[in-house]
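Report on the structure
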Amino acid sequence: MPDLVIESWVRAQSNSTVRRGLVMATNIVLSNVEYKVVGTRPIRHDGTDKVTGRAKYGGDFLTADLLHGKVLRSPHAHARIKSIDVTKALASPEVYAVITGEDLPVGRDADVSQSDRFACQRLMAQDKVLFKGHAVAAVAAGSAHAAETALGLIEVEYEKLTHVMDVQDSMKDGAPLLHDDVTTTELGEKTDKASNLASHFRFELGDLDKGFAEADVVVEREFTTSTVHQGYIEPQNAAALWNADGQLTIWTSTQGAFTAREEIATALALPVSKIKVVPMEIGGGFGGKIPVYLEPLAALLSKKTGRAVKMLMSRSEVFECTGPTSGTYIKVKMGATKDGKITAAEGYLAYEAGAYPGAMVSAGGQCIFAPYDIENMRVDGYDVVVNKPKTMAYRAPAAPNAAFAAESVVDEICEKLGMDPIEFRLLNASKEGTRRVDGPTFPVIGNVETLEAAKDCQQYKTPLKGPYRGRGVASGFWFNIGLQSSCAISVNADGTINLVEGSTDIGGSRVSIAMQAAEVLGITAEDVRPSVGDTESVGYTFLTGGSRTTYATGFAAHDCAQDIKQKMIDRAATIWEVSQEDIQLVDGVFQHKSDPDLKLSFKELSGRLNGTGGPISSQVSIDPRRAGGAFSTHIVDVEVDPETGKVEILDYTAVQDAGKAVHPSYVEGQMQGGVVQGIGWALNEEYVFDQDGRMENSSFLDYRMPTSLDLPMISTIIVEVANPGHPYGVRGVGEVPIVPPMAAIANAISKALGVRMGHLPMSPAHVLEAIWEKEGK
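Keep in mind the model is a prediction, meaning the values are calculated, not measured.

Observations concerning the pattern of salt bridges
The full count for this structure, using the stated rule, is 43 salt bridges. With a closest N to O distance of 3.9 Å, Lys70 and Glu148 form a salt bridge. Here Lys70 is found in strand 3 (residues 67-73), whereas its partner Glu148 is found in helix 5 (residues 144-151), with 78 residues between them in sequence. Take Glu148: its relative accessible area is 44%, and that puts it in the partly exposed class. In this structure, the salt-bridge partner of Glu157 is Lys82, at a minimum N-O distance of 4.0 Å. Of this pair, Glu157 sits in strand 8 (residues 155-160) while Lys82 is found in strand 4 (residues 79-85), placing the two residues 75 residues apart along the sequence.

Comments concerning the sheet that holds strand 27 (residues 617-622)
Read across the sheet, four strands follow the order 23-22-21-27 without closing on themselves; strand pairing throughout is mixed. A single partner strand is all that each edge strand has here, and the edge strands are strand 23 (528-532) and strand 27. On average, each strand axis in the sheet is inclined to that of its neighbour by 15°, with strand direction left out of account. Contacts between helix 16 (residues 509-521) and the sheet are confined to strand 21 (485-491), strand 22 (497-501) and strand 23, with strand 22 contributing the most and set at about 135° to the helix.

A word on the confidence of the model for the protein
Looking at the protein, pLDDT values average 95 and 97% of them are 70 or higher. Contacts from residues 1-22, a stretch scored under 50 in pLDDT, to residues over four places away or in other chains number 30 contacts.

Details of helix 20 (residues 741-753)
The first and last C-alpha atoms of helix 20 sit 18 Å apart over 13 residues, in line with the 18 Å expected at 1.5 Å per residue. Of all 13 residues making up helix 20, twelve are buried, and the element is well covered by its neighbours. Those residues of helix 20 not exposed but buried are Pro741, Met742, Ala743, Ala744, Ile745, Ala746, Asn747, Ala748, Ile749, Ser750, Ala752 and Leu753. Directly beyond the C-terminal end of helix 20, a positive phi value near 75° is found at Gly754.

Remarks on unusual backbone geometry
Going from Leu760 to Pro761, the amide bond is cis rather than trans, its omega being 5°. One non-glycine residue, Arg395, lies in the positive phi region at around 35°.

Overview of the packing of aromatic side chains
Here the structure, examined in full by the defined rule, presents 20 aromatic pairs. Centroid distance Tyr394 to Trp681: 5.3 Å. Interplanar angle 10°. Geometry classified as stacked. Of this pair, Tyr394 sits in the loop between strand 19 (377-385) and helix 12 (399-417) while Trp681 sits in helix 19 (residues 664-683), and the two are 287 residues apart along the sequence. The pair formed by Tyr394 and Trp681 is uniform in burial state, with each residue classed as buried.

Let's talk about the state of the cysteines
According to the stated counting rule, one finds zero disulfides in the structure shown. Of the cysteine sulfurs around Cys487, a residue in no disulfide, the closest is that of Cys560, at 4.6 Å.

A short note on the nonpolar core
Core analysis: the largest hydrophobic core is formed by 103 residues, its most contacted members being Met334, Phe369, Ile649, Ile745, Ile749 and Met762. Broken down by element, the residue count for this core peaks at eleven residues, all from helix 12. Ile745 has contacts with Val636, Ile649, Ile679, Ala682, Leu683 and Met762, leaving out every residue within four places of it along the chain. Judged by nonpolar contacts, the second largest core, of 47 residues, contains Ala552, Cys560, Ile564 and Val620.

Focus: the pairing of strand 5 (residues 95-100)
Consecutive side chains along a regular strand alternate between the two faces of the sheet. The buried fraction of strand 5 amounts to five of the six residues, a majority that puts the element mostly inside the structure. Taken together, the five bridges between strand 5 and strand 7 (residues 135-141) define a ladder with antiparallel strand orientation. Residue pairing across strands places Ala97 opposite Ala140, the latter belonging to strand 7.

Re helix 21 (residues 764-775)
With twelve residues, helix 21 extends 16 Å between its outermost C-alpha atoms, agreeing within 8% with the 16 Å of an ideal straight helix rising 1.5 Å per residue. Check the buried side of helix 21 and you find it contacts strand 28 (630-640), strand 29 (647-657) and helix 20. A positive backbone phi angle near 75° is found at Gly776, which sits one or two residues after helix 21.

The rules behind each value
Residues numbered from 1 in each chain as written. Predicted model: local features only at pLDDT ≥ 70, side-chain atom pairs only at ≥ 80, totals over all residues. Heavy atoms only, no water. Salt bridge = Lys/Arg side-chain N within 4 Å of Asp/Glu carboxyl O. Helix = DSSP H or I, 4+ residues; strand = E, 2+ residues; numbered from the N terminus. Buried < 20%, exposed > 50% of the residue type's maximum accessible area, 1.4 Å probe, protein only. Pairing = 2+ DSSP bridges. Axes fitted to C-alpha atoms, helices over the stretch in contact; angles between N-to-C directions. Contact = heavy atoms within 4.5 Å. pLDDT = per-residue confidence, 0-100. Expected span 1.5 Å × (residues − 1). Phe/Tyr/Trp six-rings, centres within 6.5 Å; stacked < 30°, edge-to-face > 60°. Disulfide = S-S within 2.5 Å. Core = buried A, V, L, I, M, F, W, Y, C linked by side-chain atoms within 4.5 Å.

Encoded structure:
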């Protein structure tokens, strides 16, 4: 592909308005502060390699004497392993090694914590299998085919046990127990009651009884949501080489090289200094590629064989064996006065954790009522194990389920009061100083500004006409995180800089981080050469997730660039024999404050470094804690076919506070991507299990994700209320756009049909059932 064509393709991704047929999607940025680089739309640095196929993903890894690994997985949802015989597999041609759960050093160690033991047993079962697809053995062979064949020669004897697949069934007394040693932690106190209920927490604020007594309208509803998957295209992969000197190197597509290193170290009982993780390019993650699955297994096979071992999951393995989001049961009760003031809110959140404790229900509790200023609130959360894969993060984990319930109840209150849904939200909007149910008070936030922009948008001001059509509104919140990030910069003689950072790039973060460094130094984004380092090339960096990367690693790049700037000023002062205080950097030029003849461009000064004291470089590690929460309000128009139950999305507008959009095109892409995933979650996506606990739709053919033919053009409005905890006002943007869509679509369906949907997905079958129930059929 000629370079000109590649450049044209990449530039096309930055268009602010896109046409599809006669429908226009408008992308608006409500900017308050302008910078030279931050806020512009340069071409991403890795674009050419990705569109030409030269970028190296985990599946592309090759090396000499490479072996291929495959995993034998349980056919049962719950069973005791009575015996495993690998004799025949070891005798198979081309087979070099076989491992079982007995080879994992931590799983049976009585001195390790329960959480570490469970983390190890999640990778490979030992005494029991706890979900269909649970790993029980792995083989390394000269080819993938030989490894696959050898799996069929491993003889496993199981004792089938009763399984439990639903969160409500699992909480009942007498339910089959997944773990004999899991006892309920009740409101922070450990009990001796063996149960599938791992923990129950409570957030509480004010006097709930008083609040409901003051209400003129009270609405209480129950909701359920099915298990769904992140839906990334690239399957999990790993390659490992356990060298003769005891050093282990891992190549993998991961959302966090350093967090992966920690998990591998725990599973293998190794110090982190013995492990190097090399992050490959990543073909989607959305939280699902934070944990490790194959890496420790490939490492053990490599240790046994003395050769590198590569492992790849199939699509069915990705669905059945990696971490989806929680299925849930949620109950919400809210009360309001006749003039529209919310007086009380109560939530009951029961989330499936999968086979091991650790559902992210706490995040749902933090977010469920966050868009509102309510004096009296209570949230009870329940972490419940079931015979499904251990749940993992999926883009604002736990918040979309909670918002589906709460925002549906808010919409019903608006109907009962005859109030406009945005006016009602503005009346009750959380703002600076509002206390969340879990305790923290909000700093400067953009909730009100986001609602005002939604109220003023073209879609909301345009009447929606026609039968079986409805417009829905919903708001959402995600708290965002900061945590540890590192960055290193070195100056090249031609005036460019090399920037090495530790955050895996899954959404354009190379360019957004590079832009923040460029802004400090007065150079263009194109003059920055960003790369993602391995765990031995850059300082510790927490994972890419929690909407933290552009905020936290960008902050590190900013601070590192500030240090480079000061060192360059010091060098100019040395060359000119003047004080550093007399020199400033303005638009990429170092100049004396009072002598106009003393000036050097960044490029000119860079070319003189080696002859005036040597090269200049810097490394910075930070731990920022003022990430600043993000709010989003979505508006959706739908049309429902009452004969089939099919829901068509007619128009969609997503409004979100980004603090400052560093690269608006990628903020818009994050917003639109969250909407698309939310539409799939709302209308089609779900795990379907048979009576034996086996997933029946573990392929992209049967697991129905939306395609471009299912989607409208999605308009975006970026609101910019600067986060005071970042030098450019940045807030994380990647997660909050998936929070409102399900509730917004449910509210739109209610307007179109006059029925309330209480279950996700709102597939044609479920919509028809709701219509028939309303009609008394």
